[in-house]
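# Fold and contact review
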Protein chains: 2
Amino acid sequence: MQNKVKKLVLLGSTGSIGRQTLDIVRVFKDKLQVTGLACGNNTELFIQQVKEFKPQLACCAADLQLPAGITRVSMQEMASQADADVVIVATTGKVGLQPTMSALLEGKTVAIANKEILVMAGDLLKQLATRHGGAILPIDSEHSAIWQCLQGEDSDVSRLLLTASGGPFIGWPVKKLRRVTASQALNHPTWKMGKKVTVDSATLFNKGLEVIEAHWLFDLPYEKIEVIIHRQSIIHSMVEFKDGSIKAQLSIPDMHLPIQYAIFYPQRMVNPNIRPIDFSRMHNLTFEPVNYVDYPCLKLALEAIKLGDTYPAVLCAADETAVNLFLKNSIAFTEIATIIEKTLGMHSPVSNPGIEDILLSDGWACDMALKAARKEI
Amino acid sequence: MQNKVKKLVLLGSTGSIGRQTLDIVRVFKDKLQVTGLACGNNTELFIQQVKEFKPQLACCAADLQLPAGITRVSMQEMASQADADVVIVATTGKVGLQPTMSALLEGKTVAIANKEILVMAGDLLKQLATRHGGAILPIDSEHSAIWQCLQGEDSDVSRLLLTASGGPFIGWPVKKLRRVTASQALNHPTWKMGKKVTVDSATLFNKGLEVIEAHWLFDLPYEKIEVIIHRQSIIHSMVEFKDGSIKAQLSIPDMHLPIQYAIFYPQRMVNPNIRPIDFSRMHNLTFEPVNYVDYPCLKLALEAIKLGDTYPAVLCAADETAVNLFLKNSIAFTEIATIIEKTLGMHSPVSNPGIEDILLSDGWACDMALKAARKEI
């Protein structure tokens with residue numbers, strides 16, 4: 001069993017998590033096999049990846065010539081049809097949602113790095129996993145930490161403590177935040193990540209998404225999930241059990257670790273490229289409460305969570321639209337929150353939404369966010 | 001199964017761990033029953049305890065009149081004969097060793113707070129537990145932390161990180177240490193404990209014992225066990241797995257938690273008297289390497305570990321003798337290390353020692369340590 005080669009399908013292979021997943025495949029060549037690769041528009045890197053990993057199936061949004069013997073499919077076809085022990089969803093935004101649903105419909109194990117899809121449709125995805133015998137595993141460092149801390153514990157959890165670095169602008173006054181450029185926002189103090197998630201980490205919007213993710217992944221009410229500022233990103237999150245005992249998971253900030261944990265779960269693997277913590281250099285771990293006034297995007301995310309229904313989908317779409325505009329220098333950093341707030345304020349929610357309602361709300365919110373950016377609402 | 005009343009035998013009921021164990025029995029009245037109580041010389045408190053908890057068996061080193069219906073036995077008889085789901089060994093020094101062996105010979109589960117017995121005879125105790133189907137559970141906060149972190153993990157451990165507060169004299173120059181009084185040494189910055197263990201925490205001798213304990217409890221070579229100074233005593237210890245991921249266990253310093261964890265294992269229980277960590281007040285967790293020059297007792301303990309054989313027994317006896325002399329103001333704080341060093345230096349070890357060799361070495365070391373204190377060697 002332990003020596004069986006694990007087959008991976010990787011959606012979003014050219015992004016940050018996708019590339020790091022393939023680093024792991026390189027380290028564990030004899031234990032892992034890539035059977036499907038999917039990307040968006042980075043065709044140059046994708047062709048290299050396809051040549052190196054020789055998947056049976058490939059999917060690319062852009063036009064390109066695939067090497068002989070590799071079948072081109074849609075992302076949904078890949079997620080449902082490929083021979084896979086684990087489908088890794090490393091896409092950004094909503095693009096991974098329907099492929100994830102297809103994989104879960106086939107009873108597959110899905111490892112999710114793509115926060116938004118759990119936020120938009122956590123309830124639906126959970127139902128699919130339960131109904132068809134599949135599983136949803138976390139790749140986010142915070143959720144991986146919680147998952148690790150929960151191993152072997154069947155006692156009640158009293159609190160999840162999600163740690164947040166606070167991003168590069170912690171403590172900055174609004175006046176200064178208004179002039180923040182995309183390149184400043186992309187310079188995260190502790191993590192190297194994709195662009196969207198790096199901006200979301202600067203606004204702490206990210207942490208709002210993670211609260212929702214944690215709610216679905218670990219089946220806990222929102223009241224039991226707290227966010228705490230921990231600037232060093234060494235403790236990736238903590239679980240408090242009902243006796244008051246807390247378990248924390250620590251490591252240097254490196255996504256290779258949670259990715260390989262999800263791939264090889266429950267086995268841990270020695271990866272020579274992952275550095276251990278050197279406690280002779282690591283002197284101080286700090287904790288601070290979140291100042292919600294400084295992080296309106298987080299506040300809005302937590303409000304949308306409480307409202308439920310189609311609000312989380314609208315939240316994600318408005319943020320995705322606003323962050324894209326910010327990355328193109330079309331809006332100020334502080335306008336991300338304004339756009340999300342306006343969009344949420346205009347929404348008429350649908351109760352117990354199905355996938356169509358979620359996608360309709362998403363489309364509506366993208367339009368509305370663009371209007372808000374143009375000051376039309 | 002969960003509702004079955006657990007029967008406890010408590011050796012060392014009037015000491016710090018003993019009293020805290022009885023606090024837990026008071027909280028979980030309907031789940032716990034004390035079937036045996038044993039103490040040394042604190043007869044006044046013992047009589048109160050016997051009246052309150054009504055054990056079937058009682059043992060007291062001093063002379064006293066027991067209430068009717070309670071049978072007086074020796075500590076060894078109690079450990080082997082009493083009807084017990086868990087025998088809690090909360091004695092100090094070597095007095096708990098033979099009762100622990102008797103309990104393990106009967107295949108009982110023994111929860112050990114008494115470090116010295118594992119240090120003196122870890123190998124023997126482990127063999128007894130394995131051979132007779134018993135179990136040894138830790139109560140020390142550090143080992144409880146490690147035990148908690150190991151739950152649900154079957155991967156290789158690469159390091160245990162034992163945390164040490166550093167005691168009340170961290171950074172003090174030797175000149176100042178020479179004038180330390182017993183009452184200063186008994187004023188530990190983070191933990192309320194018994195006298196011997198508090199002095200051992202000030203010299204960090206304690207941490208040496210804990211390294212040996214960890215070696216036996218978790219079956220790990222000494223090279224994989226590190227000591228790290230963590231002044232706040234919030235992280236009680238950590239385990240690093242082979243993938244570089246570390247798990248830590250955190251709680252406010254309160255022995256009730258590890259005691260009840262051992263009693264109810266694997267269940268965690270809500271105890272209203274145990275405060276959770278308030279992260280809005282807990283701002284900073286620090287880590288420092290140990291400066292072994294400042295802690296000669298720790299250095300000597302680690303050397304004795306490497307020598308093995310009867311050296312650990314001699315180490316314990318010399319320390320026990322020296323600490324008693326220090327508590328009586330007969331020697332200076334800094335002489336504790338000198339006495340241990342001299343005693344170890346005079347020892348002719350016995351290979352693969354049996355219990356008689358261990359007890360003989362212990363007796364020899366007590367005499368030798370007294371001679372060293374009187375400057376006769």
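What you see is a predicted model; the values in this text were computed from it and never measured. Here the residue numbers are simple positions, counted from 1 along each chain's written sequence. Lettering of chains starts at A and numbering of ligands starts at 1, both following the order in which they are written. Whole-chain, interface and lining totals are the exception, using all residues; otherwise, since this is a predicted model, local features are given only for residues with pLDDT of at least 70 and side-chain atom pairs are given and counted only at 80 or more. Side-chain descriptors were evaluated using all non-hydrogen atoms of the structure, hydrogens and water having been removed beforehand.

Residues and elements named next belong to chain B. A pair of strands is labelled paired if DSSP reports no fewer than 2 bridges between them. By the criteria applied, helices consist of DSSP H or I runs no shorter than four residues and strands consist of E runs no shorter than two, each listed in order from the N terminus. A sheet is described by the order of its strands in space; here 7 strands give the open sequence β4-β3-β2-β1-β5-β6-β7, paired in parallel fashion. Looking at the sheet topology across the chains shown, the edges are occupied by β4 (71–72) and β7 (135–138). Across 6 bridges, the pairing between strand β1 (residues 6–11) and strand β2 (residues 32–39) is parallel. Bridge pairing in β2 links L8 to V34. Each of β2 and β3 (57–60) touches helix α2 (residues 43–53); the most contacted strand, β2, lies at about 160° to it. Contacts are assigned to residue pairs with any non-hydrogen atoms lying within 4.5 Å of each other. Orientation is described by axes fitted as lines to C-alpha atoms, over the contacting stretch for helices, and by angles from 0 to 180 degrees between their N-to-C directions. Its contacts with the sheet put helix α5 (residues 115–132) on β5 (86–89), β6 (109–112) and β7, and the angle it makes with β7 is roughly 140°.

Looking now at the pattern of salt bridges. Think of a salt bridge as a Lys or Arg side-chain nitrogen and an Asp or Glu carboxyl oxygen that are within 4 Å of each other. Summed over all chains, the structure comprises 45 salt bridges over all chains. Note that A:E142 is salt-bridged to A:K207, the shortest N-O span being 2.7 Å. Taken together, the residues span a long stretch of sequence, with A:E142 in helix α6 (residues 141–150) and A:K207 in helix α10 (residues 205–218) at a distance of 65 residues. The pair formed by A:E142 and A:K207 is uniform in burial state, with each residue classed as buried. Of the charged contacts, one joins B:R26 and B:E52 as a salt bridge, the two residues approaching to 2.7 Å between their closest N and O atoms. You can see B:R26 sitting in helix α1 (residues 16–27) and its partner B:E52 sitting in helix α2, a full 26 residues away along the chain. A relative accessible area of 34% places B:R26 in the partly exposed class. By relative accessible area, B:E52 is classed as partly exposed at 40%. Only protein chains enter the area calculation, which uses a 1.4 Å probe; residues under 20% of their type maximum are buried, those over 50% are exposed, and those in between are partly exposed.

So, on to the packing of helix α14 (residues 335–346) of chain B against helix α15 (residues 355–373) of chain B. Helices that pack against each other are described as a pair by the angle of their axes relative to one another and the distance between those axes. Residues and elements named next belong to chain B. Running from amino to carboxyl end, α14 crosses α15 at an angle of 125°, the nearest separation of the two axes being 9 Å. When the interaxial angle is binned, α14 and α15 end up oblique. Relative to α15, the crossing made by α14 is right-handed. Contacts from I339, K342, T343 and M346 in α14 reach W364, A365, M368, A369, A372 and A373 in α15. When an angle is under 35 degrees it counts as roughly parallel; over 145 it counts as roughly antiparallel; between 65 and 115 it counts as roughly perpendicular; any other value is oblique. In this scheme, a crossing is called left-handed if the near helix is turned counterclockwise away from the far one by less than a right angle; it is called right-handed if the turn is clockwise.

So, about the relation of the copies chain A and chain B. Here the copies are matched by least squares. The fit uses the C-alpha atoms of residues with pLDDT of at least 70 in both. When chain A is fitted onto chain B, the two copies agree to an RMSD of 0.0 Å after a turn of 180° and an axial shift of 0.0 Å. Taken together, the rotation angle and the small translation identify this as a two-fold axis. Minimal C-alpha separation from the rotation axis in chain A is found for A:G152, amounting to 1.8 Å. Of the interface residues in chain A, 100% have counterparts in chain B that sit at the interface too, so the contact is made through matching surfaces.

Before going further, it helps to examine the packing of aromatic side chains. Working definition: rings of Phe, Tyr and Trp (its six-membered ring) pair if their centres are within 6.5 Å, and the pair is stacked with planes under 30 degrees apart, edge-to-face with planes over 60 apart, and tilted otherwise. Across all of its chains, the model carries 16 aromatic pairs over all chains by this definition. Centroid distance A:F287 to B:F279: 5.3 Å. Interplanar angle 65°. Geometry classified as edge-to-face. Of the two residues, A:F287 is situated in the loop between β12 (284–286) and β13 (288–289) and B:F279 in the loop between α11 (256–264) and β12 (284–286); the pairing between them involves two chains. The pair formed by A:F287 and B:F279 is uniform in burial state, with each residue classed as buried. For the ring pair B:W147 and B:Y265, a centre distance of 4.4 Å and an interplane angle of 35° mean the geometry is tilted. A residue pair is termed long-range when its members are at least 10 positions apart, and B:W147 in helix α6 (residues 141–150) and B:Y265 in the loop between α11 and β12 qualify at 118 residues.

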